[in-house]
Amino acid sequence: GMDDAMMARALESVASMTALTDVDLIGFSVHLSGYDVAARAAAAERLVEWCGVARSLGLAPGTIDLGGGWPVRYVEPADRQAFCESSSPAWYHGERTPGTPYPYGHVIGGAEALSACLRAESRRGGSVGDLVATNDLRLVVEPGRSLLDQGGFSLFRVRDTRENRQGHGLVT
């Protein structure tokens, strides 16, 4: 990540380069860890602000990209919570429990999460979606598996079971 001072210096450098090259700044993107919709809304608002700064320097960014990692709701949140509370190290290979298990039972997922992000209240008033639109920006998201959230299920035939040298069960 870049702090405000680093971003300002980078934008000034890009602005000075565009006069000498065919390089164009087309927009800004983020890569967020986590599935917090409010954090994505805040990031979207910040990207809109940086587009304004870039435009004031003579650049013409037209896109913000909120990245991937949108939440997916594989199971009901209560089911995930019950699993996490009852899990045991013996359930995991080498008894190594995950520090922060993937939130399989996210409260909202897929398109619902994107919609919540865009409906979030902007610090400037109105919604984040309105802020993006009134600044004439194109919004890009990388939905990945969240695109298929609640779209179906997979069923596989078990072909074989065996134990490896360490005595752990394997299924193919």
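The present account deals with the structure reproduced in this document. (Residues numbered from 1 in each chain as written. Predicted model: local features only at pLDDT ≥ 70, side-chain atom pairs only at ≥ 80, totals over all residues. Heavy atoms only, no water.)

Okay, helix α2 (residues 37-56) next. The end-to-end C-alpha separation of α2 is 29 Å, in line with the 28 Å expected for 20 residues at 1.5 Å each. When we look at burial in α2, the residues that qualify are V37, R40, A41, A43, A44, E45, L47, V48, E49, W50, C51 and A54. On its buried side, α2 packs onto α1 (4-18), β1 (27-29), β2 (63-65), α4 (110-119) and α5 (128-134). Structurally, the start of α2 carries an N-cap: the backbone nitrogen of A38 is 3.2 Å from a side-chain oxygen of D36. (Helix = DSSP H or I, 4+ residues; strand = E, 2+ residues; numbered from the N terminus. Expected span 1.5 Å × (residues − 1). Buried < 20%, exposed > 50% of the residue type's maximum accessible area, 1.4 Å probe, protein only. Contact = heavy atoms within 4.5 Å. Polar contact = N/O pair within 3.5 Å; in protein donor to acceptor, adjacent residues only side chain to side chain.)

So, on to the packing of α1 against α2. Orientation of α1 relative to α2, taken along the N-to-C sense of each, is 40°, at an axis distance of 10 Å. Judged on the interaxial angle alone, α2 and α1 are oblique. Considering the relative orientation of α1 and α2, their crossing is right-handed. The residues of α2 that touch α1, namely those facing D4, M7, A8 and L11, are R46, W50, V53 and A54. Looking at the contact of α1 with α2, its residues break down into six nonpolar, no polar and two charged. (Axes fitted to C-alpha atoms, helices over the stretch in contact; angles between N-to-C directions. Parallel < 35°, antiparallel > 145°, perpendicular 65-115°, else oblique. Left-handed = near helix turned anticlockwise from the far one by under 90°. Nonpolar A, V, L, I, M, F, W, Y, C, P; charged D, E, K, R; others polar.)

Within this structure, the stated rule accounts for five salt bridges. When the shortest N-O distance is used, the salt bridge between E49 and R46 registers 2.5 Å. With E49 and R46 both in helix α2 and three residues apart, this pair spans about one turn of that helix. For R46, a relative accessible area of 29% puts it in the partly exposed group. Linking E76 and R73 is a salt bridge whose minimum nitrogen-to-oxygen distance equals 2.6 Å. Taking the relative accessible area as the measure of exposure, E76 reaches 45% and is therefore partly exposed. What you see here is one network of salt bridges that share partners, running through D4, E45, R46, E49 and R123. (Salt bridge = Lys/Arg side-chain N within 4 Å of Asp/Glu carboxyl O.)

This next bit is on the sheet that holds β1. Sheet architecture is open: three strands sit in the order β1-β2-β3, paired in parallel fashion. Taken across any chain shown, the strands that pair with only one partner, and hence form the sheet edges, are β1 and β3 (138-140). Each strand axis lies, on average, 15° off the axis of its neighbour in the sheet, ignoring direction. Bridge analysis of β1 against β2 gives three bridges, and the strand direction is parallel. Paired with F28 across the strands is I64, a residue of β2. (Pairing = 2+ DSSP bridges.)

Quick look at the environment of R40 now. Tracing the backbone through its elements, the reader meets R40 in helix α2. Residue R40 is classed as buried on the basis of its relative accessible area of 1%. Polar contacts involving the side chain of R40 include one to the main-chain carbonyl oxygen of G68, which spans 2.8 Å.

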